[in-house]
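Commentary on secondary and tertiary structure
Chain residues, written in single-letter form:
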Amino acid sequence: LPPVEAEALVRALQGSELRDIGGQGWLRQHEYVEKLNMHGILSASAGQEQLLTELLVTHAKIPVLIGELISVEIWKHKVFPVLCRLEDFKPRSTFPIYVALHHEASIINLLETVFFFKEICESAEDSIVDLIDYCHRKLTLLAARSTKAQAVTSAELRAELLASPSADPVPPQELQKQAEMMEFEISLKALSVLRFITDQVDSLPLGALTRMLNTHNLPCLLVELVEHCPWSCWEAGKLKKFENGTWHMVPPEDQVKMTKLDGQVWLALLNLLLHPECQHKYRFDDFNKSQLLKLRAFLTDVLIDQLPNLVEMQRFLSYLAVTEPAPPKKDLILEQVPVIWDHILKKNSGKWEAIAKHQVKHVFSPTEEELKFQAHRWAQTYSLDMMEALATDKPRCRVCGVEAAKRCSRCRNEWYCSRACQVQHWQKHKPACNLMA
């Protein structure tokens with residue numbers, strides 16, 4: 001994006017009411033977030049993300065993004081299940097619902113891109129407590145997730161929804177399944193954001209560190225993630241790991257290789273356990289001590305060779321095993337509470353069904369003309385050239401899965417390896433092509 005356009009998008013970011021999710025004004029906000037998200041990823045890959053960072057700090061938009069993140073999270077848990085139970089909720093297209101569900105992923109992805117910078121963390125001010133609570137909720141879900149279940153990625157889900165629109169109403173169970181599929185990737189992004197927050201321990205507001213260490217006991221939660229590693233699973237005797245948005249089969253020689261997600265967990269533990277201020281505040285009672293000492297089994301020479309800083313962790317755990325750390329001093333405790341979460345819940349308490357009925361009637365039951373207009377807007381937002389720049393893999397044929405060099409000339413949304421595959425897929429692709437072209 002040109003700097004002028006990027007600034008205009010940042011300035012236009014604003015909060016929205018729960019009732020407005022999915023509406024026209026809200027969809028414009030989603031487009032702004034999505035464009036900034038894609039711009040941020042491309043800028044970061046080129047090492048030029050400083051402009052976006054400065055714009056978000058200058059215009060104080062990080063608290064706005066955190067507020068929107070928590071708002072759509074509450075919508076997913078409070079309104080969406082009610083909406084799916086309504087008898088008159090029979091959507092003929094899942095994509096409007098998908099956009100609402102995907103909004104959370106877009107925001108957390110944007111935050112992951114920019115939270116690497118100290119000034120972003122500082123500009124969050126008191127809303128950082130809400131973001132810490134959000135990350136804790138997501139990591140708790142991640143730790144509880146069965147490692148046997150392999151999630152469909154959001155990219156695969158979006159392609160499926162665009163390519164296979166049905167004339168029949170989509171069952172509510174299918175929509176809820178789609179939401180669960182996205183939750184896994186969102187939780188992984190929250191892990192990265194939390195790690196960046198722990199990098200800035202010295203810049204956190206009063207009470208935020210106590211909330212991470214004692215209210216939520218994040219060190220023990222991170223130990224759970226090290227133990228159960230939900231981004232890897234065994235399938236038919238072969239190890240699969242989730243990396244860069246997809247599941248990969250891991251060859252035997254790479255099975256001990258640390259992934260980026262493994263690294264995020266270990267770096268967060270290093271920050272929370274070895275920083276002097278954290279050691280001063282954390283309660284090393286018998287339970288916490290026993291949980292932390294489980295890490296020693298994972299600190300192998302192979303792991304330490306990949307992340308040499310873990311030598312300090314190994315020394316700390318050896319010291320912890322033979323000593324009784326001094327209890328935290330009983331200073332005056334001033335605890336901050338999550339204002340955004342509580343405010344949204346109190347404001348909408350008892351109104352969940354009314355909000356759901358309003359959205360079924362006015363938002364998620366679009367006419368064919370409205371759907372076609374919105375599809376055109378989505379096609380502009382998800383610019384194909386931009387999406388190709390973000391993609392790490394070469395396009396694959398929609399029919400046979402081999403590398404593809406040909407694309408549908410009308411909608412430019414589907415790839416094929418040959419004319420034969422395109423003809424074979426045409427009857428299935430035709431409704432989507434007419435909608436997007």
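Residues numbered from 1 in each chain as written. Predicted model: local features only at pLDDT ≥ 70, side-chain atom pairs only at ≥ 80, totals over all residues. Heavy atoms only, no water.

- In the annotation of an unreviewed UniProt entry, the entry for the chain reads Zinc finger MYND domain-containing protein 10, and the organism field reads Sylvietta virens.
- Comment text from UniProt for the chain, heading Function (unreviewed entry), reads "Plays a role in axonemal structure organization and motility. Involved in axonemal pre-assembly of inner and outer dynein arms (IDA and ODA, respectively) for proper axoneme building for cilia motility. May act by indirectly regulating transcription of dynein proteins."
- Reading the Sequence similarities (unreviewed entry) entry of the UniProt record for the chain gives the comment "Belongs to the ZMYND10 family." (UniProt positions renumbered as here; feature names shortened; annotations may be inferred.)

1. Section: the overall build of the chain
- Helix and strand counts for the chain stand at 21 helices and five strands.
- In the chain, which comprises 437 residues, the share counted as buried stands at 50%.
- At a minimum sequence separation of 6, the contacts of the chain that also span at least 24 residues come to 77%.
- As displayed, the chain has an accessible area near 21,400 Å², and 53% of this comes from carbon and sulfur atoms. (Helix = DSSP H or I, 4+ residues; strand = E, 2+ residues; numbered from the N terminus. Buried < 20%, exposed > 50% of the residue type's maximum accessible area, 1.4 Å probe, protein only. Contact = heavy atoms within 4.5 Å. Areas by Shrake-Rupley, 256 points an atom, 1.4 Å probe, with all protein chains shown as cover.)

2. Focus on unusual backbone geometry
- Non-glycine residue C229 carries a positive phi angle of around 40 degrees.
- A positive phi angle, near 55 degrees, is found at A236, a position not held by glycine.
- Structurally, the position occupied by A236 is in the loop between β1 (232-235) and β2 (238-243).

3. Concerning the pattern of salt bridges
- Taken as a whole and judged by the stated rule, the model has 16 salt bridges.
- Here K138 ties to E183 by a salt bridge, and the two come within 2.3 Å at their closest N and O atoms. Taken together, the residues span a long stretch of sequence, with K138 in helix α7 (residues 127-144) and E183 in helix α9 (residues 172-199) at a distance of 45 residues. Just as K138 is buried, E183 falls in that class too.
- Between E414 and R398 there is a salt bridge whose closest N-O contact spans 3.8 Å. With E414 in the loop between β4 (406-407) and β5 (415-416) and R398 in the loop between α20 (384-390) and β4, this residue pair connects regions lying 16 residues apart in the sequence.
- Residue classification places E414 among the buried positions, given a relative accessible area of 7%.
- Residue classification places R398 among the partly exposed residues on the basis of a relative accessible area of 31%.
- The network of salt bridges with shared partners includes K76, E104, K138 and E183. (Salt bridge = Lys/Arg side-chain N within 4 Å of Asp/Glu carboxyl O.)

4. Some thoughts on the packing of helix α4 (residues 62-85) against α7
- Relative to each other, α4 and α7 sit at 40 degrees, their axes nearing to 10 Å. Compared by their axis directions, α4 and α7 come out oblique. Helix-helix and strand crossings are classified by hand; for α4 and α7 the assignment is left-handed. Contact residues: α4 offers P63, I66, L69, I70, E73 and H77, while α7 offers S127, D130, L131, Y134, R137 and K138. (Axes fitted to C-alpha atoms, helices over the stretch in contact; angles between N-to-C directions. Parallel < 35°, antiparallel > 145°, perpendicular 65-115°, else oblique. Left-handed = near helix turned anticlockwise from the far one by under 90°.)

5. Focus: the side chain of S123
- Here S123 lies in helix α6 (residues 118-123).
- Look at S123 and you get buried, because its relative accessible area is 14%.
- Only 2.8 Å separates the side chain of S123 from the backbone oxygen of I120, close enough to count as a polar contact.
- Those residues in contact with S123, other than ones at most four positions away along the chain, are V57, I62 and P63. (Polar contact = N/O pair within 3.5 Å; in protein donor to acceptor, adjacent residues only side chain to side chain.)

6. Topic: the UniProt feature "domain: MYND-type" (unreviewed entry) in the chain
- Residues annotated in UniProt with the feature "domain: MYND-type" (unreviewed entry) correspond here to residues 397-433.
- Between the C-alpha atoms that bound residues 397-433 there is a distance of 16 Å. The span itself is 41% helix and 11% strand.

7. Points about the sheet that holds β2
- The strand order across the open sheet built from three strands is β1-β2-β3, with neighbouring strands paired in antiparallel fashion. The open sheet has two edge strands with one neighbour each: β1 and β3 (246-249). Geometrically, the sheet is characterised by an average inter-axis angle of 30 degrees between neighbouring strands, direction not taken into account.
- As paired elements, β1 and β2 share four bridges and run antiparallel to each other. The residue of β2 that forms the bridge with C233 is K240. (Pairing = 2+ DSSP bridges.)

8. Some words on the packing of helix α11 (residues 218-228) against helix α12 (residues 260-274)
- Between α11 and α12, the shortest axis-to-axis distance is 10 Å and the interhelical angle comes to 155 degrees. Viewed along their axes, α11 and α12 adopt a mutual orientation that is roughly antiparallel. Handedness of the crossing formed by α11 with α12: left-handed. Where α11 abuts α12, its residues L218, P219, L222, L225 and V226 lie against V265, W266, A268, L269, L272 and L273.
- Counted by class, the contact of α11 with α12 contains eleven nonpolar, no polar and no charged residues. (Nonpolar A, V, L, I, M, F, W, Y, C, P; charged D, E, K, R; others polar.)

9. Digging into the nonpolar core
- Residues F115, I128, L131 and W231 are the most contacted members of the largest nonpolar core, which totals 116 residues.
- When residues are assigned to domains, this core turns out to be shared by domain 1 (1-150 + 172-202 + 337-392) and domain 2 (206-335), each giving three or more.
- In contact with F115, other than residues within four places in its own chain, are I62, I120, C121, A124, I128, L131, F196 and I197.
- Grouped together as the second largest cluster of nonpolar side chains are eight residues, C408, Y416, C421 and C433 included. (Core = buried A, V, L, I, M, F, W, Y, C linked by side-chain atoms within 4.5 Å. Domains from an automatic or database assignment.)

10. Considerations on empty space enclosed by the protein
- Tallying each qualifying case throughout the model produces one cavity of 30 Å³ or more.
- What the largest cavity holds in volume is close to 40 Å³.
- Every residue lining the largest cavity is listed: L13, Q14, Q29, V33, V64, L65, E68 and H103.
- Breaking the lining of the largest cavity down by element, the ones donating at least two residues are α2 (24-45) and α4.
- Looking at which element gives the most residues to the lining of the largest cavity, the answer is α4, with three residues.
- Partitioning the lining of the largest cavity into residue classes produces four nonpolar, three polar and one charged. (1 Å grid on protein atoms, 1.4 Å probe; cavity = no way out; pocket = protein on both sides within 12 Å on 5 of 7 lines; lining within 4 Å. Points joined across faces, edges and corners; volume = space filled by probe spheres on them.)

11. What to know about α4
- The terminal C-alpha atoms of α4, which comprises 24 residues, lie 34 Å apart, in line with the 34 Å expected from a rise of 1.5 Å per residue.
- In terms of burial, α4 is largely enclosed, as 18 of its 24 residues are buried. (Expected span 1.5 Å × (residues − 1).)

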